[in-house]
Each structure stands twice: as structure tokens, then as C-alpha cells.
Amino acid sequence: AQSVTQLGSHVSVSEGALVLLRCNYSSSVPPYLFWYVQYPNQGLQLLLKYTTGATLVKGINGFEAEFKKSETSFHLTKPSAHMSDAAEYFCAVSGGGYQKVTFGTGTKLQVIP
Amino acid sequence: DAGVIQSPRHEVTEMGQEVTLRCKPISGHDYLFWYRQTMMRGLELLIYFNNNVPIDDSGMPEDRFSAKMPNASFSTLKIQPSEPRDSAVYFCASSHRPTGGGETQYFGPGTRLLVL
């Protein structure tokens, strides 16, 4: 069984401030981890993913995430928020093979000018 | 590539009517997924296909929901009869390989369904 928990359904940051969105996962096998972003009235699109190898993963739009096995976490960060980052962010996990991807409940990011 | 295409983008219907949602996956993708997104339940996987064959439909809410994939470039999700609680955004997604192994899913823009 696998699951993800996203801490905080809403996060507000000031423009230019650090963005930190938290994700903890549970998986009985080595996980594959994803962050997807959903802009208003659009579908989800991949920000970044961890499969194997380097635990610090860089994605689009300046986002990055670090896989920490000891903490079962995959938090998403961006050093400086931009107004265009306002969106909903979903963490997701899969356990390899033909397993389905399980999505978290999402975190809505608000960027305050 | 045009990406995943869904139609219609918006649908308003009355309770009891049949609703058909359509999806065209990205060419060459062997996996197709139907998701439902609501405020209360978040993003739920309804069903997915591999090479046009339904693999897992355990997320389909009840017999009122059915999905087909007659060929590699077209899938439908049908609700008959529709109920107000079916109001949601329905997404179609596709991938080249199994998503369990870290494969990216590509989502369509969604169909926003409102059942009155």
C-alpha cells in the first residue's frame, strides 16, 4: 500500500519569499515520487519526479525537491516565489511496476504581491 | 504534439440524462487514465487502459459509469443516468509506459460537468 500526505491545504507566501510545500509518503517498496502543478482551469502537469539516483531533483520553473528516505519526505521548494507560481500542487507516489500512482490532496499556493 | 484532447470542456445537464465525455490521448501512448476531481474527494482514479484494454476499473463509482476505448486514439466515459453528485471535473491522462515505474502522465484540460 502507498499513500502521500501533504501538510497544509493552503499556503501563502509573499512574492520573492521561499516556497516550501511539504509531502510525506508511505510505501512498502522503494518509491517513485512526483510533484504535479495545476493552474486554474487546466490539467495537471509534471513539475519534477524522483525515480533513482540523485536525491535532489530539479524541475521546471525553478522548483526542486529532495528525496529523504530517512524522513519519508519529498518536500518541494523554490527560493523566490513569483506571482505566476500561484497554483495547486500535488505530490504523488507509485511503487514501481504496474502499480497505480496515488495523489495527495493538494496544496494551494497563494503568492501575495 | 497537440497533447491530450478532451471534449466537451464544459457540460451542463439535468439529472437523469446520459453524459458522454471524450478523450484523445497523445499518439503513441499505450496507457490511458480517467480521473475525477472534486473538492471533497480530491483526485480519484476511475479506470485505466493499456493498449485499449481496461486494466483496473476499481475506482468506477457504480454501474452508472462505464468507459470504453475502441481504438488507440479514442476513449469515452459515460454516465447514465447522471446525478447531481456526479458534478466534478473529469480528467483524461495518458502515458507511454506504466506509471508505476516513474513514467510521467500527461493530463488533458478536463471536462467540467455540472448535473442539475
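Below is a summary of the structure that appears in this document. (Residues numbered from 1 in each chain as written. Chains lettered and ligands numbered in written order. Predicted model: local features only at pLDDT ≥ 70, side-chain atom pairs only at ≥ 80, totals over all residues. Heavy atoms only, no water.)

Next up on the list: the overall build of chain A. A tally of regular secondary structure across chain A gives 0 helices and 11 strands. Along its sequence from the N terminus, chain A presents helices and strands in the succession β-β-β-β-β-β-β-β-β-β-β. Here the C-alpha atoms of chain A give a radius of gyration of 13 Å, agreeing with the 13 Å that 2.2 N^0.38 yields for 113 residues. Based on the C-alpha atoms only, the size of chain A along its principal axes is roughly 40 × 30 × 20 Å. Out of the 113 residues in chain A, the part that is buried amounts to 44%. Within chain A, contacts between residues separated by at least 24 positions form 57% of all contacts whose residues are at least 6 apart in sequence. Of the roughly 5400 Å² of accessible surface on chain A, 54% is carried by carbon and sulfur atoms. Computed over 8 positive and 6 negative side-chain charges, the separation of the two mean positions in chain A equals 8 Å. (Helix = DSSP H or I, 4+ residues; strand = E, 2+ residues; numbered from the N terminus. Rg over C-alpha atoms; globule rule 2.2 N^0.38 Å. Buried < 20%, exposed > 50% of the residue type's maximum accessible area, 1.4 Å probe, protein only. Contact = heavy atoms within 4.5 Å. Areas by Shrake-Rupley, 256 points an atom, 1.4 Å probe, with all protein chains shown as cover. Lys, Arg positive; Asp, Glu negative; His and termini not counted. Charge placed at Lys NZ, Arg CZ, Asp CG, Glu CD.)

Moving on: the pairing of strand 1 (residues 2–7) of chain A. Residues and elements named next belong to chain A. Side-chain alternation along strand 1 places Q2, V4 and Q6 on a buried face and S3, T5 and L7 on a face that remains uncovered. Bridge analysis of strand 1 against strand 3 (residues 19–27) gives 6 bridges, and the strand direction is antiparallel. By the bridge assignment for strand 3, S3 is matched with S26. (Pairing = 2+ DSSP bridges.)

Turning to the sheet that holds strand 1 (residues 5–7) of chain B, a few remarks are in order. Residues and elements named next belong to chain B. Taken in spatial order, the 4 strands of this open sheet run 1-3-8-7, and their pairing is antiparallel. Of all the strands in the sheet, the pair left with one neighbour each is strand 1 and strand 7 (65–71). On average, each strand axis in the sheet is inclined to that of its neighbour by 15°, with strand direction left out of account. Pairing between strand 1 and strand 3 (residues 19–24): 3 bridges, direction antiparallel. By the bridge assignment, I5 is partnered in strand 3 with K24. (Axes fitted to C-alpha atoms, helices over the stretch in contact; angles between N-to-C directions.)

Right, let's get into the packing of aromatic side chains. Between two aromatic rings, the relevant description is the distance of the centres plus the angle of the planes. Residues and elements named next belong to chain A. Per the stated rule, a full pass over the model turns up 12 aromatic pairs over all chains. Aromatic pair Y25 and F67: ring centres 5.9 Å apart, planes at 35°, arrangement tilted. Pair noted here: Y25 is in strand 3 and F67 is in strand 7 (residues 64–68), with a separation of 42 residues, a long-range link. Given the relative accessible area of 9%, F67 is considered buried. (Phe/Tyr/Trp six-rings, centres within 6.5 Å; stacked < 30°, edge-to-face > 60°.)

Moving on to the environment of A:L33. Residues and elements named next belong to chain A. Take L33: it is sitting in strand 4 (residues 32–38). L33 gets classed as buried once you look at its relative accessible area, which sits at 0%. Setting aside residues no more than four positions away along its own chain, L33 makes contact with Y25, L48, K49, Y50, F67, F74, A92 and V93.

The next subject is the state of the cysteines. Residues and elements named next belong to chain A. Under the counting rule described, the total for this entry stands at 2 disulfides over all chains. Two residues share a disulfide in this structure: C23 and C91, whose sulfurs sit 1.9 Å from each other. In this structure, the disulfide formed by C23 and C91 twists by about -65° around the S-S bond and is classed as left-handed. A residue pair is termed long-range when its members are at least 10 positions apart, and C23 in strand 3 and C91 in strand 9 (residues 87–94) qualify at 68 residues. We classify C91 as buried; its relative accessible area is 0%. (Disulfide = S-S within 2.5 Å.)

Take the interface of chain B and chain A next. The interface of chain B with chain A comprises 22 residues on the first partner and 21 residues on the second. Across the chain B to chain A interface the summed buried area is about 1700 Å²; carbon plus sulfur atoms make up 52%. When the buried surface of chain B facing chain A is broken down by residue, B:L43, B:G100 and B:F107 rank first, second and third, together holding 25% of it. At the junction of chain B and chain A, the tally comes to 1 salt bridge. B:D56 is paired through a salt bridge with A:K100; the nearest N and O atoms lie 3.0 Å apart. Counting the contacts that link chain B with chain A gives 8 residue pairs in polar contact (both at pLDDT 80 or more). Looking at the side of chain B that touches chain A, the elements that each hand over two or more residues are strand 4 (31–38) and strand 5 (42–50) of chain B. Grouping the constituent residues of the side of chain B that touches chain A by class yields 9 nonpolar, 9 polar and 4 charged. (Buried area = accessible area lost by both parts, 1.4 Å probe. Salt bridge = Lys/Arg side-chain N within 4 Å of Asp/Glu carboxyl O. Polar contact = N/O pair within 3.5 Å; in protein donor to acceptor, adjacent residues only side chain to side chain. Nonpolar A, V, L, I, M, F, W, Y, C, P; charged D, E, K, R; others polar.)

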